[in-house]
Protein chains: 2
Amino acid sequence: MSKKIEKITPLAEDFSRWYLDVVKNGDLISYGKTRGTIVFKPLSFGIWENIQKNLDAEFKKLGVQNVYFPLLIPESLINKEKDHVNGFNPELATVTEVGGKPLSEKYYIRPTSEVLFNDFFKNEVESYNDLPLVYNQWANVMRWEKTTNPFLRTTEFLWQEGHTVHADAVEARKLTRTMLKTYAKFLKNYLAIPVIQGKKTPREKFSGACSTYTIEAMMKNGRALQAGTSHYLAQNFTKAFDITFKNAENKREFAYGTSWGVTTRLIGALIMAHGDDRGLIIPPKVAPVQIDILEIFGHKDPAVKNLAKQVKKDLSKFFRVKLDDSSKGPGFKAANSEIHGTPIRIEIGSNEAMNNSVTIVRRDTLEKVTVPFTKDLKSVIRKIFTDIHNNLYNAAYDRMLNNIVTCDNMEDFKQKIDEGKWVLMSFCGDEDAEAFIQETTGATARCIPFKDPIHIESTSCVLNGKKTKRNVIFAKAY
Amino acid sequence: MSKKIEKITPLAEDFSRWYLDVVKNGDLISYGKTRGTIVFKPLSFGIWENIQKNLDAEFKKLGVQNVYFPLLIPESLINKEKDHVNGFNPELATVTEVGGKPLSEKYYIRPTSEVLFNDFFKNEVESYNDLPLVYNQWANVMRWEKTTNPFLRTTEFLWQEGHTVHADAVEARKLTRTMLKTYAKFLKNYLAIPVIQGKKTPREKFSGACSTYTIEAMMKNGRALQAGTSHYLAQNFTKAFDITFKNAENKREFAYGTSWGVTTRLIGALIMAHGDDRGLIIPPKVAPVQIDILEIFGHKDPAVKNLAKQVKKDLSKFFRVKLDDSSKGPGFKAANSEIHGTPIRIEIGSNEAMNNSVTIVRRDTLEKVTVPFTKDLKSVIRKIFTDIHNNLYNAAYDRMLNNIVTCDNMEDFKQKIDEGKWVLMSFCGDEDAEAFIQETTGATARCIPFKDPIHIESTSCVLNGKKTKRNVIFAKAY
C-alpha cells in the first residue's frame, strides 16, 4: 500500500465521485471478487462493530433476544408467502449443487429471513403464555442487485433483522413503532444523523408487510437514504406458516408479526451526511479511532517522542487512540488523519514538549487549541467530542430542514426535485400516480411523515386535485 | 412450547443420547430446514456471544483487526492452491444461478476464507512497512458434511478465522503459537476446559498448511474434541497468490502466512465437558443467565414477591439475572433452572422473606447455603462463581489426566482406546501406519503434545518398533 494521500474529487463538483474517492482513499473497502461485493477493511468494519455494539445494547434494554438462523432457505419454504417471494425472486442467489453433484432441492441464500423465523415460530408457540417472542439476528444477507454502490447497495450486506410474534395486533403494532423510534434515536445519538420518521406508501412497502415504517435521512447532495425500516406484518406470515396459539379462552388464534432492520448502508449514510472535501468525518461515538496522536518531527526530538508516548498511555485508558510515530512530515500526518475521519488529532511537536502541552485539532471545524497536558485533558477531550457530535448533528439537521420544501404544481415539483430538494406535498396515494411521478421526475415517495417537518396548506393532491389529508415526502433516493 | 421438564437419558447409559437430550431439552437449538443445520436459540447464541465478546477482547489486546470478507468464492479463485481446494472439494455448496438464470461462473459458499484473504493481501502489501497484517473475521461458513451433530459438526457453523501475513517466517511461526496459547488460556479461563496443546501429524493437518497446531479437549465419555487450531501456512498461499513485498534491501520476497480459528463447536465442548444427568452446566463467565431467582409460592405471599423483586433489582447491577415469578411449583422451577445450566439459583420463599435472607443453590455441586440479603451478597456470589469455575476446571483436569495412559503393544492400545482412554505412545509418524491404526481401532492421532502430559519411557514406535522420539496422543474423537 503506497503511503501517499490520494486526491479526492471536490464534493460540489461531482458528489458520486467524491463518495467513491472517500470510500477508497479513506481505506474503508476494497472491491470483492464476487460482483457487487465489498471487503470491509478495519476502518469500516470498526464503525460497524461500534454500531452493532451500541444498537444491540439498546435492543437488550427492550428485552430483545439474539439468535442465529441458517443461511439457506429451501425452495419449498420460500414459496409459502406469495407477495414476499415475488418481491425477491429475481435477486435470489441459488445453491443447486454440492461438490459437483446436483441437489434434489434448490436452496436460496437468504435475502431476509422472515420465512425461516416464521417456520420456526410455528413450533415454538403453543399458548398465549409463550408470546411475545422478540428475536433478532446479526447476519449477512444477499440480494443480487443490478446496480451496486459501496455500502449503499451491495449484493451481500450485513444487517440485523428483528422478527417477532405477538398475541395481539395492538402490541405488535406498538413494537413496530418502538423499534422505529429506537432507530431514530440511535441515529441521532450515535451517528449524529437527523431523520424523518414516517410510513411508506403501499407502493414502497416491504413485500409481505401490512405497513412499513421508515426513517429517512438526507445526504449532503439532497438525496434521501432509507436508513432503517420496521414492518407490521399483521397475520400475513403467521397465516402462511400456520402460527397459532391458544388464547386465554383456550381458543386458537393466528399470531401477529413484525420485522425490522438496519444494514451496513448506515456506514454510507454516515459518510454522505458528514464527510467533506478532506475525506471522512466519523462521529466520536462510533469512530474506531477517536484520537490520532501525531508526533511532529519526533525522530529529531526525544522530548517529543516521550511526551507523545505519555499522552498515548494516558488517553488510551479512556479513548480509542492511535499514535503516528513515523518520520513522515506533519502535513502528511494531518492529511492522513483527516482523510480517515478521526474526530480529533493531537499534535505534539517541540513547542508542546517544551511546555508540556498538546495541540488539539477538531476534524469537523479544523479549529486548533493548545492546552496543558494534565489530568484534566480527558475532560477537555470529552467536551470537544460532545461539541463535535452536536455540531455534526445540528449542521445536518439545519441542512435537512432547509431543503424540505412544498410545491404548487408538478412543474414546480420537478424543478425542486432537480435542485435536490425533498418535496412535501398533498398526494392522493394512487399507485399509478406515484409510478407516473417516478417515471417523469425520478423522485419516489419516501414516506408519509408522522409529523410534517414544515407547514403545508394544501388539502388536495398536487398531481390530480383529488381531496386528501395525506402529505407525502418525495425525493430522489439511494 | 409445553412447559414440562423433559427426561434426559442418563449420561452413563448412553452418552450420545444424553448429549442430544441436553441440547434439545435445554432449549439450545431447533433443527434447521437445510440438512445438518441448527437454529441457535437464545441460550446457545447467548453463550456464543459471550465467547465472542471475551475472545475478541483478547484478540484486540494482541493488535488483531477485525474485517469482513464476502461469503462467495469464485471458481477461478478457489483453484489457486491445489492442496487446499482438494481438502474441501466434496463439501462445497455451489451457487450456479440467480433468479432462475445460470451464472457464467460458479461461486462456492466459503468453507474457510484463506483464498479470499490472500487474494486481498496481494494488493495491500507493497513493502515490509505494510507488514504484518493481522486480520480476523467472525462469520458463518459452510461445509456439506455427511454426518452431522448439533454444534460438533453442522453444515453451516459460526466461527472466527484469523488470517495474517508477515515479512519473516520466525514472526509468522511465533504468531501461530501465540494464537494457540491464546485459545488454550481462553478455554481455561472462560470455559473451564483444560486442553492438551500440540502439533498435528502431517496426515491430520489442515489442507494447505505447513504445520497445524491444535488444542484437544477431553469430553466426559473420554472422546477427544479438537477445540481450536492454528496453522502456519509458510509461503503456500503467498506463492499461489503472488503476495510479495520489498524487504529492507529493496528486494522482492514472498510473505509468510498464518490462519487460526475456533468455532461454535466450543458450545458442544462446554456441554460435554461439564454437563450432567440434570442437564447443562454453564461456567459463570459465559452463562447468558448467571442467576435464576425463583419465587417459592410467591403468588401466595406478597412478602416473597417483594423480596424477590428487590433481590433481582440489586443483583441485576452486577450479574445477568432472570426472575421466575410464575406460579409453578418449586420442584419444577429448580429442575428448569438446572436443565438450562444456570450457575446458581436463588430461592426465595416465606422463610427467606421473614428473615430477609436468600437461599443460594450451586448448579455444579447442588450445595445450598442461606445468607442474609445485604450489600455483601454480591461478594458472596462472586466468590461462589469463582468456586464453581475452579471446581469445573479441576474436575475436568483430573478426569483428563486420569484418562491419559500409555500402552505396551497394539493389543493393549486397542483395549485402552475401547475403554475411552487417550493413549500417549511413541509413534514413528508413518502416514500409512497412522491410517492402519485408524482403520483397525477407530482412533486418530490427536497431536504430538508440546509437553507429554504423563511420563513415557519407550523410544521406539509401538506399532512397528522403529526408533522415534515422537510421542503422539491417539484417541477416538468428535
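All of these numbers come straight from a predicted model, not from anything done at the bench.

## Concerning the packing of aromatic side chains
Under the defined criterion, the tally for this structure stands at 46 aromatic pairs over all chains. An angle of 90 degrees between the planes, with centres 5.2 Å apart, marks the rings of F69(B) and F120(B) as edge-to-face. Note that F69(B) is positioned in the loop between β3 (65-66) and β4 (72-74) and F120(B) in helix α5 (residues 114-124), a separation of 51 residues in sequence. Of the two residues, F69(B) and F120(B), both sit in the buried class. An aromatic cluster is present here, built from W48(A), F59(A), W138(A), Y183(A) and W260(A) joined pairwise through their rings. When the ring centre of F450(A) is taken as origin, the NZ or CZ atom of R177(A), which lies over that ring, is 3.8 Å away. The ring centre of Y190(A) lies 5.2 Å from the NZ or CZ of K285(A), which sits over that ring.

## Observations regarding α5(B)
The buried fraction of α5(B) amounts to 9 of the 11 residues, a majority that puts the element mostly inside the structure. For α5(B), every residue scored as buried is listed here: E114(B), V115(B), L116(B), F117(B), N118(B), D119(B), F120(B), F121(B) and E124(B).

## Examining the sheet that holds strand β17 (residues 344-348) of chain B
Where strands meet in a sheet, backbone hydrogen bonds hold them as pairs that are either parallel or antiparallel. Residue and element names in this part refer to chain B. If you walk across this open sheet you meet the 5 strands as β16-β15-β17-β18-β19, and the pairing is mixed. Among the strands making up the open sheet, the edge pair consists of β16 (321-324) and β19 (368-372). Each strand of the sheet is rotated relative to its neighbour by a mean of 25 degrees, with strand direction disregarded. Direction of pairing for strand β18 (residues 357-362) relative to β19: antiparallel, over a ladder of 5 bridges. In the strand pairing of β19, V361 is matched with K368.

## Side note on the interface of chain A and chain B
Contacts between chain A and chain B engage 55 residues on the former and 55 residues on the latter. Overall, the association of chain A and chain B removes approximately 4500 Å² of surface from exposure, summing both partners, and the carbon and sulfur fraction of that is 59%. At the boundary of chain A with chain B, the tally comes to 8 salt bridges. Its salt-bridge partner being E49(A), residue K60(B) comes within 3.3 Å of it at the nearest N-O pair. Linking chain A to chain B there are 28 residue pairs in polar contact (both at pLDDT 80 or more). Considering each element in turn, the side of chain A that touches chain B owes the most residues, 6 residues, to strand β5 (residues 93-98) of chain A. Of the pairings in the sheet, the one linking β5(A) to strand β5 (residues 93-98) of chain B comprises 5 bridges and is antiparallel in character. Each residue of the ladder has a partner; that of A93(A), found in β5(B), is V98(B).

## With respect to the relation of the copies chain A and chain B
Note on the copies: chain A fits chain B at an RMSD of 0.0 Å, the axial shift is 0.0 Å, and the rotation between them is 180 degrees. Taken together, the rotation and translation describe the operation of a two-fold axis. It is V95(A) whose C-alpha, among those of chain A, lies nearest the rotation axis, at 2.1 Å. In this assembly the copies share their binding face: 100% of the residues contributing to the interface of chain A also contribute to that of chain B.

## A short note on the domain arrangement of chain A
Each domain of chain A was delimited in the assignment, giving domain 1 (15-73 + 113-274), domain 2 (291-381) and domain 3 (404-476). Computed over C-alpha atoms only, the centres of domain 2 of chain A and domain 3 of chain A are separated by 49 Å.

## Here we look at the UniProt feature "domain: Aminoacyl-transfer RNA synthetases class-II family profile" (unreviewed entry) in chain A
UniProt's entry tags residues 35-283 of chain A with the feature "domain: Aminoacyl-transfer RNA synthetases class-II family profile" (unreviewed entry), counted in the numbering of this structure. Overall, residues 35-283 of chain A shows 32% helix and 33% strand. The separation of its end C-alpha atoms is 31 Å.

## So, the pattern of salt bridges
Evaluation of the coordinates by the stated rule reveals 52 salt bridges over all chains. One salt bridge in this structure joins K33(B) and D119(A), with 2.9 Å as the shortest N-O distance. In this pair, K33(B) is assigned in the loop between β1 (29-31) and β2 (38-40) and D119(A) in helix α5 (residues 114-124), connecting two distinct chains. Note on K33(B): relative accessible area 48%, which makes it partly exposed. For E367(A), the salt bridge goes to R362(A), with nearest N and O atoms at 3.7 Å. Connected via shared salt-bridge partners are R278(A), E338(A), R345(A), E347(A) and K368(A).

## Description of the sheet that holds strand β11 (residues 224-234) of chain A
All names here are of chain A. Judged by pairing direction, the sheet is mixed, and its 11 strands sit side by side in the order β3-β7-β8-β14-β11-β10-β9-β22-β23-β21-β20 without closing on themselves. A single partner strand is all that each edge strand has here, and the edge strands are β3 (65-66) and β20 (404-405). Alignment of β11 against strand β14 (residues 256-263), held across 5 bridges, turns out to be antiparallel. Across the sheet, the residue bridging to Y232 is T258, located in β14.

## A word on unusual backbone geometry
Backbone phi values are negative for most residues with the exception of glycine, while trans is the configuration of most peptide bonds. L131(A) connects to P132(A) through a cis peptide bond whose omega is -5 degrees. Positive phi is not limited to glycine here, since A192(A) has a value of about 60 degrees. In this fold, A192(A) is placed in the loop between α6 (169-191) and β9 (196-199). In the Ramachandran plot, D242(B) falls in the positive-phi region, its phi being about 55 degrees despite a non-glycine side chain. Considering the arrangement of structural elements, one finds D242(B) in the loop between α7 (236-240) and β12 (244-246). Residue classification places D242(B) among the partly exposed positions, given a relative accessible area of 39%.

Quick notes on the rules
- Residues numbered from 1 in each chain as written.
- Chains lettered and ligands numbered in written order.
- Predicted model: local features only at pLDDT ≥ 70, side-chain atom pairs only at ≥ 80, totals over all residues.
- Heavy atoms only, no water.
- Phe/Tyr/Trp six-rings, centres within 6.5 Å; stacked < 30°, edge-to-face > 60°.
- Helix = DSSP H or I, 4+ residues; strand = E, 2+ residues; numbered from the N terminus.
- Buried < 20%, exposed > 50% of the residue type's maximum accessible area, 1.4 Å probe, protein only.
- Lys NZ or Arg CZ within 6 Å of the ring centre and 35° of its normal.
- Pairing = 2+ DSSP bridges.
- Axes fitted to C-alpha atoms, helices over the stretch in contact; angles between N-to-C directions.
- Contact = heavy atoms within 4.5 Å.
- Buried area = accessible area lost by both parts, 1.4 Å probe.
- Salt bridge = Lys/Arg side-chain N within 4 Å of Asp/Glu carboxyl O.
- Polar contact = N/O pair within 3.5 Å; in protein donor to acceptor, adjacent residues only side chain to side chain.
- Least-squares fit on C-alpha atoms with pLDDT ≥ 70 in both.
- Domains from an automatic or database assignment.
- UniProt positions renumbered as here; feature names shortened; annotations may be inferred.

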